[in-house]
Each structure stands twice: as C-alpha cells, then as structure tokens.
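Chains, contacts and geometry: an overview
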Amino acid sequence: MPHRTRNAWFRTLAQLIAVLAIAAAIGVMSGYPWPIVTFAALGVVGWHYWRLRGVLLRLTARQRLAPPLGDGVWNELDRLLYRGQAEMRGRKRRLIEMLRAYRAAAAALPDAIVVVDRTTQRVQWFNEASGALLGLQYPSDIGAPLVARLHPLPLAHWLAAGRHAEPIEARSPVNPAVTLTLRLIPYSDELWMLVARDVTRLLLLEQMRRDFVANVSHELRTPLTVVHGYLDMLDPADNPDWAPMLAEMQRQSQRMTQLVEDLLMLSRLESQDSLPVEETVAMAPMLAALRREATALSQNRHKITVEDDASVDLWGSHRELHSAFSNLVSNAIRYTPAGGSIRIRFRRDGKGAALEVVDSGYGIPAAHLPRVTERFYRVSTSRSRESGGTGLGLSIVKHVLNLHQARLGIASEVGRGSTFSCHFSAERLRSREQYVQPA
Ligand code: ADP
C-alpha cells in the first residue's frame, strides 16, 4: 500500500477508536456505557454507508470527477478514482490525436486512396487527392457504389478479381490527360483500399527515354554502315601484319551494327500497343527456316531436331514472330557446348499451342531466371560477349510475345539445359487448311 493511502487508512482507524473511546468515557460517566458505545458505533457505520453511497453515485453518474479534498480513507478512494479517470482521459486523448494524425497523413497523400466495403463495394472513406484524381466529392460520395461512381473506369471485373487483381492503367475520369495506375489492396476481410497514382510524368519520361534510344540508334546507323563498308574494302593481304586487327575491327563493327539493329527493333516494338499488320503465319515454312538457321549457326557442332506436332498455324506478324523464334534458337546454339542437342518443337498446349526450344546447354541458375528478359541482363557477361550476344535478344522475344498476347515460359537447370517456350492462346491459332501456300 502506498504511504499516503496507509496514512489515510490509519487516520480513519484512529478516528474510529477516538469516537468509540469518547463514547465509552461519556457512557461510563453517565452510567450507560454499552448503549452509548453501541449508538456511537452505529453512527460510524451509518456515516461510512453514506460515504459509500456518495462514491457509487459519482461513479454511476459518469461525470468528470472533481479533485477531492480531505485526508480520510474515503477521500483517498475518491482521489484514486479521480486519478484513474484522469489517466484514462489522457490515454484516450493521445489515441485520438494519433488517429487524427494518421488520418491527416492519409488525407494529405498525393495518391488517391479510397476505402471500399468489400461486400457492398461502396465507398467508406477517401482522401483529398481522390477529388482531383478520381472526382469523388465529400460528403455526397460517402456510401456511393464505387463502380458506378467511377464509370468509365473498367472496375467491375477488376473488383471481382479481388485479391488477384493486377494493377491497371487508365485515364482519369476527371481529366483525360492524366494517366493513373490503380491498385487494389485487400487490407482486411471487410475493407479494400483502392490506390490511384498519377503516372503521367513517369509515362512522359518513359516516352522520352524510348525516343532518345530510338534516335541515338538511328543516328548511329549511318556512320556504322560507312565504317563497316570501308573495313570490308580493306584487304588483309595488302598488309598481313594488320590482318588480326582488321578481323577484330570487323567483328566489333558487326557487333555494333547488330546492337543498333536490336535497339531499333526494341524501340519499334515498344512504341506499338498492337500489331500493325496481322496475317496467317505458316508454321511449316517457319520451322524449316529455323532449322536452316540453326544448322548454319551450329556448323555441325550440335544435333538439331525439329518436330511439328501441332498441325496449326499462327495468326500474327510473320516478321516479328520469326525474329523472336530465331532469337531463341540462336541463344540455344550459343549457350550449348559442342556435342549438345537442340530440339525445336511446335506442339498443342491445351486449347492453344506452344513453340519450344529445348537445349542441353549450360543452363541458367534459378536466381537469374526472373531477370533474363531484361535489357542487357546477362547471366555471364563474358560468355554472352564471346558468343556475340547483344543482351537484347530475350527482351525482343518478350515484347513480340506480348504483342501476340502470348507468354514466355523458361525452365532451366544448370549443367542440364534450358527450355524456352512461347505459349499462344486458342485465339491465335488458325487451322492449316485455311492457308493456301503462295505459289
Ligand atoms: P544475349 O544477347 O546476351 O544472349 P539475351 O537477352 O538473348 O542476351 O539473353 C540474356 C541472357 O540469358 C544471356 O546472356 C544468357 O546468359 C542467358 N541465356 C539466354 N538463353 C539461354 C540459353 N538457351 N541457355 C543458357 N543461358 C541462356
């Protein structure tokens, strides 16, 4: 018991003893000791009950307690209750302040944040930026159905996908010049958070970067052609000492030309959202061409097999698909040591079809797999350089497949080989009968 409380307790006990002692003294003097002591004791009990009633009343009234005066045990009880209440109030105030600070921070974020009820899909709360980016207005839009309110944003399917909803890019319903990326974050069982971010500037920068790469590549093309042309004209027989240097210069200028061509191709692929021309791509001649290229690149160092099991053709761009497939074939040959085997196979894949290039080469460590389709990403820089790679091949493949709504699958095991497969959906297939081979 704290010192102060113990003192109050002893003081009250002393008061009781004093009252009883005085009563006993008066009783002895008046000749009625027991009745007077009993009367005094009843008085003390009555007084305590009165104080107890006071405490109960104060507690049930739920009012703010007044700081108590006096130093008896009841005042001490009042003091402790007052202290408890004041502490509770302080804690509540701090919590409310914290909550306000969080709300203010969320409200001030530059991204639009909308809290949506998962079952009813109605708006529960939104921050200030939601007004400027999504056009939501306070307070009329609290409780509004989200999909209808944000029309024409394509949100219905997206909300239905719930947890699996991929971020989407869309124009702001308020200002079509503003592009937003929308993400859905299911942060509790009942509530979802929609976050919309203005990516207009980012897209602009991306566009500038693309234009820059395209322009640089384009500008490099002409001087390279000139250098390449002159190098070709120089005859090593004229000056045998220069022969190794000339050969190296030719190799390097060839590499630069390839790099520029690949960069231009990537820029072109990136700048289009869909294929400009679509046609039936006959797969039998395509596979034959791939075999020819593989044989030429391999120079009999590998065993090459081609299997055509799908008996369908593809719908898309012949030029782009050929460049994607031949990139995969050239990688397979370049990253497979002599004596290995390369298998090119076109097969059915569920309702769709897949073109697979399987090699028995070096393989790719699992840690590198997610990144190999990035530009200039190389598992081993020296090996890629030795093999004459530009580091852009798989980026090109990925872009071409994206334009065909197809998917690149990569499976690889170090030391055993890799399988690169291009999966096309049923919409991209054409039956071979439909195609009449030009004479
Ligand atoms: P590169 O021009 O360097 O070959 P790519 O974009 O075509 O560039 O490939 C990226 C990297 O992925 C390569 O540097 C190589 O390390 C790895 N890679 C690609 N294909 C294969 C394969 N068939 N076997 C092993 N590694 C491969």
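Below is a short write-up of the structure. Bear in mind the structure is a predicted one, so any value in this text is a computation, not a measurement.

Considerations on the packing of helix 8 (residues 243–271) against helix 12 (residues 393–403)
Packing of helix 8 against helix 12 leaves a shortest axis separation of 10 Å and a crossing angle of 25 degrees. For the element pair helix 8 / helix 12, the angle class is roughly parallel. Between helix 8 and helix 12 lies a crossing whose hand is left-handed. Mapping the contact onto sequence places Asp 262, Met 265, Leu 266, Leu 269 and Glu 270 in helix 8 and Ser 395, Ile 396, His 399, Val 400 and Leu 403 in helix 12. Considered class by class, the residues forming the contact of helix 8 with helix 12 number 6 nonpolar, 2 polar and 2 charged.

A few points about the pattern of salt bridges
With the rule as written, the count across this model stands at 22 salt bridges. One salt bridge in this structure joins Asp 308 and Arg 432, with 3.0 Å as the shortest N-O distance. Here Asp 308, found in strand 7 (residues 303–308), pairs with Arg 432, found in the segment after strand 13 (429–431); they are 124 residues apart in sequence, far enough to count as distant. By relative accessible area, Asp 308 is classed as partly exposed at 33%. Members of the salt-bridge network, linked through shared partners, are Glu 206, Arg 209, Arg 210, Glu 270 and Arg 375.

Notes on the nonpolar core
Ranked by size, the top nonpolar core spans 44 residues in total, and within it Leu 314, Leu 321, Phe 325, Phe 346 and Phe 424 carry the most contacts. Those elements that provide at least two residues to this core are helix 8, helix 9 (283–298), strand 8 (312–316), helix 10 (318–334), strand 9 (341–349), strand 10 (352–359), helix 12 and strand 12 (417–424). A domain split of this core shows at least three residues from each of domain 3 (205–270) and domain 4 (279–431). In this structure, Phe 424 is in contact with Leu 314, Leu 321, Phe 325, Gly 352, Ala 353, Leu 401, His 404 and Ala 406, ignoring residues within four places of it in sequence. Grouped together as the second largest cluster of nonpolar side chains are 23 residues, Phe 126, Ala 170, Leu 180 and Trp 192 included.

What counts as what
Residues numbered from 1 in each chain as written. Predicted model: local features only at pLDDT ≥ 70, side-chain atom pairs only at ≥ 80, totals over all residues. Heavy atoms only, no water. Axes fitted to C-alpha atoms, helices over the stretch in contact; angles between N-to-C directions. Helix = DSSP H or I, 4+ residues; strand = E, 2+ residues; numbered from the N terminus. Parallel < 35°, antiparallel > 145°, perpendicular 65-115°, else oblique. Left-handed = near helix turned anticlockwise from the far one by under 90°. Contact = heavy atoms within 4.5 Å. Nonpolar A, V, L, I, M, F, W, Y, C, P; charged D, E, K, R; others polar. Salt bridge = Lys/Arg side-chain N within 4 Å of Asp/Glu carboxyl O. Buried < 20%, exposed > 50% of the residue type's maximum accessible area, 1.4 Å probe, protein only. Core = buried A, V, L, I, M, F, W, Y, C linked by side-chain atoms within 4.5 Å. Domains from an automatic or database assignment.

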